[in-house]
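So you can see what is in the structure, the chains are spelled out below.
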Amino acid sequence: MFVPVDWDIRAIREYGLNETTGCRNGWVYYKTLYEATIVTDFDLVCDQANLLEVAQAVFMAGILLGCLLFGPFAESFGRKWATQISLILLLIFTLTTGLCPNFYLYLASQFVAGIGYGGFRLNAVILATEWIGPSKRSWGACVAQLFGAVGRAALAGLIYFIRDWRLAQLITASLFAVVASYIWFIPESARWLLDRGRTEEAKQLITKVAAINKRTVPESLMEKIVKKETEKKRGRIILIQSSVLRKYFLAVTLAWFSLNVTYYCLSFNVGNFGLNIFLTQLMFGLSELPAHVLCIWLLEAVGRKVSLMSTLLVGGFLCILILAVPQDDAIAVTTLAISGRFFINWAGSICNVYIQELFPTSFRQTASGLGSTASRVGGLLAPLLNMLAVYHWSIPTVVFSSLTLISGALSFVLPETRRRELPDSTDEAEGNSTPKNQSESNKPAQHMSTRL
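Residues numbered from 1 in each chain as written. Predicted model: local features only at pLDDT ≥ 70, side-chain atom pairs only at ≥ 80, totals over all residues. Heavy atoms only, no water.

A. A look at a nonpolar patch on the surface. The grouping of Leu-95, Leu-99, Leu-167 and Leu-170 at the surface amounts to a nonpolar patch, some 340 Å² of accessible area in total. Topologically, Leu-99 is positioned in the loop between α4 (79–97) and α5 (103–129). By relative accessible area, which is 56% here, Leu-99 ends up exposed. (Patch = residues over 30% accessible without salt bridge, like charges linked within 9 Å, V, L, I, M, F, W, Y side chains within 5 Å. Areas by Shrake-Rupley, 256 points an atom, 1.4 Å probe, with all protein chains shown as cover. Salt bridge = Lys/Arg side-chain N within 4 Å of Asp/Glu carboxyl O. Helix = DSSP H or I, 4+ residues; strand = E, 2+ residues; numbered from the N terminus. Buried < 20%, exposed > 50% of the residue type's maximum accessible area, 1.4 Å probe, protein only.)

B. View of the nonpolar core. Core analysis: the largest hydrophobic core is formed by 54 residues, its most contacted members being Leu-308, Phe-359 and Leu-414. Mapped by element, the contributors of at least two residues to this core are α3 (51–77), α6 (138–161), α13 (243–268), α14 (277–301), α15 (304–320), α16 (330–358) and α17 (361–387). Leave out the neighbours within four places in its chain, and Leu-414 touches Tyr-248, Ala-251, Val-252, Lys-305, Leu-308, Tyr-354 and Leu-358. Core analysis: the next-biggest nonpolar cluster, separate from the first, contains 18 residues, Trp-131, Val-179, Ile-186 and Val-217 among them. (Core = buried A, V, L, I, M, F, W, Y, C linked by side-chain atoms within 4.5 Å. Contact = heavy atoms within 4.5 Å.)

C. Just the environment of Val-302, in detail. Mapped onto the secondary structure, Val-302 falls in the loop between α14 and α15. Residue Val-302 is classed as partly exposed on the basis of its relative accessible area, which comes to 39%. It is 8.5 Å that separates the C-alpha atoms of Val-302 and Arg-418, two residues lying 116 residues apart in sequence.

D. Region of the structure containing the packing of aromatic side chains. Per the counting criterion, the structure on display carries 15 aromatic pairs. Pairing Tyr-160 with Phe-161 gives two aromatic rings, centres 5.1 Å apart and planes at 90°, and the pair type is edge-to-face. Just above the ring of Tyr-160 sits the side chain of Arg-163; from NZ or CZ to the centre is 4.9 Å. When the ring centre of Phe-412 is taken as reference, the NZ or CZ atom of Lys-305 above it lies at 4.4 Å. (Phe/Tyr/Trp six-rings, centres within 6.5 Å; stacked < 30°, edge-to-face > 60°. Lys NZ or Arg CZ within 6 Å of the ring centre and 35° of its normal.)

E. Structural context of α5. Helix length check: α5 (27 residues) gives 39 Å between terminal C-alpha atoms against 39 Å at 1.5 Å per residue, within 8%. You can read the cap of α5 off the contacts: a side-chain oxygen lies 3.1 Å from the backbone nitrogen of Tyr-104, and it is on Asn-102. (Expected span 1.5 Å × (residues − 1). Polar contact = N/O pair within 3.5 Å; in protein donor to acceptor, adjacent residues only side chain to side chain.)

F. Inspection of the packing of α13 against α16 at higher detail. As a packed pair, α13 and α16 sit with axes 9 Å apart at the nearest point and diverge in direction by 150°. Judged by the inter-axis angle, α13 sits roughly antiparallel to α16. Crossing geometry of α13 relative to α16 is assigned as left-handed. Contacts between α13 and α16 pair Leu-245, Tyr-248, Val-252, Ala-255, Trp-256, Leu-259, Thr-262, Tyr-263, Leu-266 and Ser-267 from the former with Ala-337, Arg-341, Ile-344, Asn-345, Ala-347, Gly-348, Cys-351, Asn-352, Ile-355 and Leu-358 from the latter. Here the contact of α13 with α16 is built from residues that sort into 14 nonpolar, five polar and one charged. (Axes fitted to C-alpha atoms, helices over the stretch in contact; angles between N-to-C directions. Parallel < 35°, antiparallel > 145°, perpendicular 65-115°, else oblique. Left-handed = near helix turned anticlockwise from the far one by under 90°. Nonpolar A, V, L, I, M, F, W, Y, C, P; charged D, E, K, R; others polar.)

G. Looking closely at the side chain of Ser-349. Note that Ser-349 resides in helix α16. Relative accessible area serves as the criterion here: at 0%, Ser-349 is assigned to the buried category. Setting aside chain neighbours within four positions, we find Ser-349 in contact with Ala-141, Cys-142, Gln-145, His-292 and Cys-295.

H. Representation of the environment of Asp-41 in the model. Along the chain, the position of Asp-41 falls in helix α2 (residues 38–42). Residue class for Asp-41 comes out partly exposed when judged on its relative accessible area of 34%. Expressed as a C-alpha distance, the spacing of Asp-41 and Asn-102, which sit 61 residues apart in the sequence, is 8.2 Å. Excluding residues that lie within four positions of it along the chain, Asp-41 makes contacts with Ala-36, Trp-165 and Arg-166.

I. Summary view of the pattern of salt bridges. Under the counting rule described, the total for this entry stands at three salt bridges. For Asp-41, the salt bridge is made with Arg-166, and the minimal N-O distance between the two is 3.2 Å. Here Asp-41 is found in helix α2, whereas its partner Arg-166 is found in helix α7 (residues 165–182), with 125 residues between them in sequence. Arg-304 is paired through a salt bridge with Glu-357; the nearest N and O atoms lie 2.8 Å apart.

J. Fine view of α6. Counted at 1.5 Å a residue, the expected span for α6 with its 24 residues is 34 Å, and the 35 Å between its end C-alpha atoms agrees. All of the buried residues along α6 are Ser-138, Gly-140, Ala-141, Cys-142, Gln-145, Leu-146, Ala-149, Ala-153 and Ala-156.

K. Main features of the packing of α14 against α16. Running from N to C, α14 and α16 point in directions that differ by 40°, and their axes come no closer than 8 Å. In terms of their interaxial angle, α14 and α16 are classed as oblique. Between α14 and α16 the crossing geometry is right-handed. The residue inventory of the contact of α14 with α16, partitioned by class, reads 13 nonpolar, seven polar and two charged.

Structure below.
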């Protein structure tokens, strides 16, 4: 607001003699769209308006730290424990977020909730993937992404009927409580047990899974379950020793970073496309459903490499087309944003599968953790990149579209891993030897469910 000054109006206009200050007597909010938001509860307006992007960045920073912490944790203590502990963190601090009395406690609670989310998302997908055979491995990541899309679509309905952010937080926490009620009964990864030398436990779990699937485990397969001590010792320095795996790692993490910058820049900007925010959020969620369904099929039909390259290049091209349409054409801008996000989300599912198939067991969790960390750095930078729109509205779009196109082109260096066993050694990951049981991958389906 303007501060009164001792000048006449002519002098003020001619010389720009004026001063401004923040609102002195508080704010009055119209509750035509929402009953309560963090903006209205914590007065994130005027000179505090940029704190909304800061809150988004803090949550993404928590996710980043969660990936950094729970990746190595799962390597040492198991996928199961890492998944369970991170979920409990997510449950507790999602609940406390809805009860925070001020903005700074809100930031702290969101940060820890982000840590829990990062650890849970990372380890849950890997735990599922390591139990699935080559012919169905893409289901581990894609089905998880599919349910995420359903959740994002349901979020639009939840907020449409419940316009209070605190109540929405409590409802979300109750859903995590349902997951926490059964998460204690999930089995540990047999691959991780083998990698840690706990062979008998792994054999018991494999036999139990085979019995559930009404299959028998061949004795010849059980005899081949051998712990590779040398591979475990050099697992942490594989990227230093192997130029081939280092090249793969840099290519796939750049792709993951780029697509997350694009995904979150579009997601955090959902209210600025010109259409109804609830409708746009609903379309964002629903548009992801066919992406993940198609991903499951096309990963097996055309392979990982072609799928990743095509989705990144097409998604980046659609996003950069946003610059070619008038910004007041809400329908055109929203259509291009949704279409670009469709392909970007598709690429995210591919990266989840791809990074686990490129690296050996002793390094798989660490590689996935570092890759997920790179992706979360992208998510962390997204709200900060969106803030550059105050200088020119096209800056964020140019940056995230260019990154996606570059990473799509660089994906050419990656190998095809379709229908291959997960590598257990560095030589297998580099393609210098054939993964064990690879020759069995084309045998009848009755053996598929008993193999790791």
